[in-house]
Each structure stands twice: as C-alpha cells, then as structure tokens.
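# Analysis of the macromolecular model
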Amino acid sequence: MALLSKPNEKTESGFSPIPVIDISDPESKHALVKACADFGFFMVINHGVSSELVSVLEHEAVEFFSLPASDKTQVAGYPFGYGNREIGRNGDVGWVEYLLMNANLDFGSHSFFPGLFNNPETFRNALLEYTTSVRKMTSHVLEMITDGLGIEPRNTLSKLVSDKNTDSIFRLNHYPPCPHHINTNTNTNGGNNVIGFGEHTDPQIISVLRSNNTSGLQINLADGSWISVPSDPSSFFFNVGDSLQVLTNGKFKSVKHRVLANSRKSRVSMIYFAGPSLTQRIAPLSCLTDNEDESLYKEFTWSEYKNYAYHSRLSDNRLQPFER
Ligand code: OGA
Ligand code: NI
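Residues numbered from 1 in each chain as written. Chains lettered and ligands numbered in written order. Predicted model: local features only at pLDDT ≥ 70, side-chain atom pairs only at ≥ 80, totals over all residues. Heavy atoms only, no water.

### What about helix α2 (residues 29-38)?
Residues spaced three or four apart along an α-helix face the same direction, because each turn holds 3.6 residues. Applicable threshold: Only protein chains enter the accessibility calculation, which uses a 1.4 Å probe. A residue is then buried if its area is under 20% of the maximum for its type, exposed if over 50%, and partly exposed in between. We count a stretch as a helix when DSSP gives it H or I for four or more residues in a row; a strand needs E for two or more, and each element gets its number in order from the N terminus. What the arc covers is the set of directions going from the helix axis to the C-beta atoms. Should any heavy atoms of two residues lie within 4.5 Å, those residues are counted as being in contact.
Turning to α2, its buried residues are K29, L32, V33, A35 and C36. Looking down the long axis of α2, one finds its buried residues gathered within 160° of arc, a one-sided arrangement. Buried residues along α2 sit in contact with β2 (20-22), β3 (41-45), α5 (120-149) and β11 (236-240). Just past α2, the residue G40 takes up positive phi, approximately 70°.

As structure tokens, then:
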C-alpha cells in the first residue's frame, strides 16, 4: 500500500483557501472563472439540489456497500459495475470500493443498474432524480462560467454536457476506515497516510462531488503542495476535467486530486462526471485563441481521449500526447 507525506498543515489549522461560490448570485461568474483558473476546483453553495434526494441516494449507497463481499462481487464488472481496491485495469490500487454506473441522458437498456439493492426501484429513481438535478446545476455553473469568460452563446459549454448522447458517469466510492496496523510498518517518506484513491485528474469536462462528513480529499496547488478539502455534506465540490482544460486552451486547470484513507471513519462520496458525447470534437474554443497557432493542444474526439485514458495509469499526465 502506498505511503505518503503528511497532509498540508494549512487546513489543519482551520484555514482553507478553497473558493466557496454562491451560484444563486449571477455576479459569482467572475469568482467562478477565477477559481477554475487558479485552482481548477471550487465549492458550491445555494445550489438548489434537494438535500432529501442526496440523503436517499447516500442511504442506498451505504446499504449496498454493507452487503457481503460475495454479493457485491456478483456485480463486479468493467467499465461499469463494482470494484474493490483495483482502480482501472492498469495496476492502480487504493483503500476503496466503488460502484460505477452509466449516467447517460438516455438512460436506456444499456444503463447499468445492479439488481442487488433491497429495492432496486428506489435506487433507480433516486439515481435518476439525483443525476437530473445535478446535471441541471452543472449546466447552470457552465453557463455562468461562459458568461464570466465573455463567451457567446451562453450554452457554448453547457450544451456539451446536456446533449442527448452525453457520455456521463456516476460513481459511488466507499473508503472504509483503514486499520491502524496498516499504517505503522514501513514508512518510506516520513508519513503515515494510506492512499484511498491515488492522485489523478478527471478526463471529462467537469466533475461534481458530494461526500458525507468524512474528509480525505486533497487537491494539488499550483506550487505542488497538497491541501485537504474540508468535508461539507450540504455542498458540492466541482473540479475542472482534462477536456475543459483543453477547451479553454489551458486557462483553466484540470486539478490533480487524491483521497487519503481515514483511520476511524468511512468516507462515502458520489461523483457525477459530466462528459460530452463520444463523437464530440475537443479543441480550444476559437473565441479563446486568436489563431490556430496559439492552440496548445491537438484536436481529438472524446471517444479517442477516453480510450487513451482507459489505458493509462491514474497518475499519468494524460494530456501530454495531445500537446502541441
Ligand atoms: C474520483 C475521485 C474522490 C472521492 O472518483 O475520480 O476523485 O472523494 N473521487 O471519492
Ligand atoms: Ni477524481
């Protein structure tokens, strides 16, 4: 199991530099743009997503993860399904179990809904309502960002994640408490933290995370240091994905993040990864570059990038082959 240096002290003293954005205020568009450029990460309040909806889904998630391992492994699968410890197929491991599902707009026959839940209909409805509501909030945030960037029309970015064929994913992560003895022996770099989810960037356009009251998520700052994200179950955390970094020609940063396991408490997180349709071409928006020479990236389709990302390790700089 990988061992790490101690988390940054900044948040331990109660101070967090993470931008908090009130998306009910249209003037927050400037703060949003600044947060995407400086951190690639921000916390959203006054979002309008029903807390009851969130609680129902979290309850279902907790029930699922408390099933016997032999039940859960019945729905193990790739790319969708249950997974334990192994993240992807390229050797990454973490102190985490998860359930990955297709969250395409046209929830059709190909959507993955494990029939293992006590009441699969309750789960299915909670998931549909949650993703619908979070997708709406995401479109709103992307429209505010577009406005803040001075781009027209307003739906330039939001339409990428609200097209019928949008390729979006929903992920439930469960980080069980990590027993102390795992932390105590070898210690290669002066730290004692076990990796829950290794450092990576998310490949999609933007990701929307909500967690229970257990912290563990950290983001990497421009100076290379890691800071802990305080948990806040009533808020949502957004992070810029690789595709949005490319669309903004590097103005926005796809933030590197990771999760450290907690020795006492379980962390349960739910993440909606808003992706474009498979055939969507991703290249810097022409309104953000004066001419093609300024473009930092070669054009690709989401399907090409996704394929490439699936064959890489978590910590790889996946955009590198697409840099000019
Ligand atoms: C992810 C991720 C963070 C968390 O699944 O891509 O970054 O808190 N998860 O589970
Ligand atoms: Ni992530």
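Picking up after the structure, the text goes on.
### Let's talk about the coordination of the nickel ion (ligand 2)
Short version of the rule: Each metal's donors are the N, O and S atoms within 2.8 Å of it, or within 3.2 Å when it is Na, K or Ca, and because water is not part of the set, sites may look incomplete.
Protein coordination at the nickel ion (ligand 2) comes from H200 (NE2), D202 (OD) and H257 (NE2), with a distance range of 2.1 to 2.3 Å. Counting the intervening residues between successive donors of the nickel ion (ligand 2) yields the motif H-x1-D-x54-H. Remark: H257 occurs in strand β12 (residues 257-260) and H200 occurs in strand β7 (residues 193-200); sequence separation between them is 57 residues. Considered together, H200 and H257 belong to a single accessibility category, that of buried residues.

### Observations concerning the pairing of β7
Rules: Two strands form a pair only when DSSP identifies at least two bridges running between them.
Of all eight residues that make up β7, seven are buried, and the element is covered over most of its length. By the bridge criterion, three bridges tie β7 to β12 in an arrangement that is antiparallel. Across the sheet, F197 pairs through a bridge with V259, a residue of β12.

### Considering the packing of helix α3 (residues 51-65) against α5
For any two helices packed against each other, the geometry comes down to the angle between their axes and how far apart the axes lie. How we decide: Only the stretch in contact is used when a helix axis is fitted, and all axes are lines through C-alpha atoms; the angle between N-to-C directions ranges over 0 to 180 degrees. The labels follow the angle: roughly parallel below 35 degrees, roughly antiparallel above 145, roughly perpendicular from 65 to 115, and oblique for the rest. Left-handed describes a crossing whose near helix is turned anticlockwise from the far helix through less than a right angle; right-handed describes the clockwise counterpart.
Across the interface, α3 lies against α5 with an axial gap of 9 Å and an inter-helix angle of 135°. What the angle tells us is that α3 and α5 run oblique. Our pair here, α3 against α5, has a crossing hand that is left-handed. Two secondary-structure elements touch here, α3 through L53, V54, V56, L57 and E60 and α5 through T122, F123, A126, L127, E129, Y130 and S133.

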